Amino acid sequence: MMTVAQESKFSRLEEIASGKHPDTEYHEGMEDPEAVLRIKDFNLFYGDFQALWNNSMDIPRGQITALVGPSGCGKSTLLRSVNRLNDLVDSVRIEGQMTLAGDSIYAPGVDVIELRKRMGMVFQKSNPFPMTIFENVVYALRIDGVRNKSLLEDICERSLRGAALWDEVKDNLHKSALALSGGQQQRLCIARAIAAEPEVLLMDEPCSALDPIATGKIEDLIQGLKGEYTVLIVTHNMQQAARASDNTAFMYLGHIVEYGRTEDIFTKPVLQETADYVTGRFG
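It should be emphasised that the depicted structure is a prediction, and the values quoted were computed from it without experimental measurement. (Residues numbered from 1 in each chain as written. Predicted model: local features only at pLDDT ≥ 70, side-chain atom pairs only at ≥ 80, totals over all residues. Heavy atoms only, no water.)

Student: What should I look at first to understand the nonpolar core in this one?
Tutor: Nonpolar side chains tend toward joint burial in soluble globular proteins. Within the largest apolar cluster, 52 residues are counted, with the highest numbers of intra-cluster contacts made by I133, L160, L188, I190, L201, M203 and L225. Not counting residues within four places of it along the chain, the set of residues in contact with L160 comprises I133, V137, L165, W166, V169, L173, L188 and A191. (Core = buried A, V, L, I, M, F, W, Y, C linked by side-chain atoms within 4.5 Å. Buried < 20%, exposed > 50% of the residue type's maximum accessible area, 1.4 Å probe, protein only. Contact = heavy atoms within 4.5 Å.)

Written out as structure tokens, the structure is:
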């Protein structure tokens, strides 16, 4: 049975909407000194508009962490802050800290290109390059100067197997990736992302443009990546978060409202607002 703190409905969200900034409800055990990705007091501004407010969370190594919340709550903004894609917006500025394996992401002098090589990124809509399946998978290695054919072939096969796509495309590696179905294209993008063995794999609503069957395959794939990869995923699908993630953070208007183990967030959240969101009563 779901148990939540006794407080007035939506009070925490009303505080946020009125311009207040209540502390995040962190479940016991969510502080992780060994976390591969650490976010501390992170604020992000687009000009005079503040999009993220005092976000702090540890992303445990080898686990899947989901960011959930209504549209426009800052999930994708926080995700894209990790690999500094928001830098592409001229008016962006940040306060606070993010570290990847202890290395500052925003320190002066950080080579953003090298930083992004340490992360994989899968977008909402699949974006295969207009080249062969093989060349899509090994693209990052080609850019890094890898020319050993047998090594590239081994990495391609390993990555496609990791993305549960090998058996479907092994006889067509030198055909255009654009001929694949939407679900296959998204799995190809995951294969491309993991080919360089990233420290963190970022996924921004990777199933939102897919049908239920393709979505199921991607969810199975994400579960299969657990342990070997650290995954941070944005999703609007509560069932997907419940099925695929180890940890869940509920966000609202740029604030991390509650963060805990996924099972606890969905069965015994601290806040009534979290319970109402994950059970579909609002949002």
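Student: What exactly am I supposed to notice about empty space enclosed by the protein here?
Tutor: The final tally for this structure, using the stated rule, is one cavity of 30 Å³ or more. Space inside the largest cavity adds up to approximately 30 Å³. What lines the largest cavity is simply R12, I16, P22, D23, T24, H255, I256 and V257. Counting only elements with at least two residues in the lining of the largest cavity, the list comes to α1 (11-17) and β11 (255-261). With three residues, β11 is the largest single contributor of residues to the lining of the largest cavity. Class assignment of the residues belonging to the lining of the largest cavity gives a composition of four nonpolar, two polar and two charged. (1 Å grid on protein atoms, 1.4 Å probe; cavity = no way out; pocket = protein on both sides within 12 Å on 5 of 7 lines; lining within 4 Å. Points joined across faces, edges and corners; volume = space filled by probe spheres on them. Helix = DSSP H or I, 4+ residues; strand = E, 2+ residues; numbered from the N terminus. Nonpolar A, V, L, I, M, F, W, Y, C, P; charged D, E, K, R; others polar.)

Student: Help me understand the side chain of Q50 in this model?
Tutor: Relative to the assigned elements, Q50 resides in strand β3 (residues 49-59). Leave out the neighbours within four places in its chain, and Q50 touches N43, L44 and F45.

Student: Hey, could you run me through the sheet that holds β3 in this one?
Tutor: Sheets are built from strands that pair by backbone hydrogen bonding, the pairs being arranged parallel or antiparallel. Reading across from one edge, β3-β2-β5-β6 is the order of the four strands in this open sheet, with antiparallel pairing throughout. Two strands in the sheet have a free side with no partner beyond their single neighbour: β3 and β6 (103-104). Pairing of strand β5 (residues 92-100) with β6 involves two bridges; the strand directions are antiparallel. What sits directly across from L100, in β6, is D103. With respect to the sheet, helix α2 (residues 75-82) is in contact with β2 (37-46), β3 and β5, its orientation differing from that of β2 by roughly 115 degrees. (Pairing = 2+ DSSP bridges. Axes fitted to C-alpha atoms, helices over the stretch in contact; angles between N-to-C directions.)

Student: When you look at the pairing of strand β8 (residues 200-204) in this model, what are you seeing that I'm missing?
Tutor: Two faces belong to every sheet, and in a regular strand the side chains alternate between them. Of all five residues making up β8, five are buried, and the element is well covered by its neighbours. Where strand β7 (residues 119-122) lies against β8, four bridges are found, and the strand directions are parallel. From the neighbouring strand, M119 faces β8, where its bridge partner is V200. Summarising the sheet, β8 and strand β9 (residues 231-234) pair through four bridges and their orientation is parallel. Pairing of L202 across the sheet is with L232, part of β9.

Student: Which parts of the structure should I look at to understand unusual backbone geometry?
Tutor: Positive phi values are uncommon outside glycine, yet A164 reaches one of about 55 degrees. Mapping A164 onto the fold places it in the loop between α6 (149-162) and α7 (166-169). In this structure, E197 takes a positive phi of about 50 degrees despite not being glycine. Residue class for E197 comes out exposed when judged on its relative accessible area of 53%.

Student: Help me understand the state of the cysteines, please; the structure alone is not making it clear to me.
Tutor: Within this structure, the stated rule accounts for zero disulfides. Looking at the unpaired C207, the closest cysteine sulfur is the one in C189, lying at 12 Å. Classification of C207 as buried rests on a relative accessible area of 7%. (Disulfide = S-S within 2.5 Å.)

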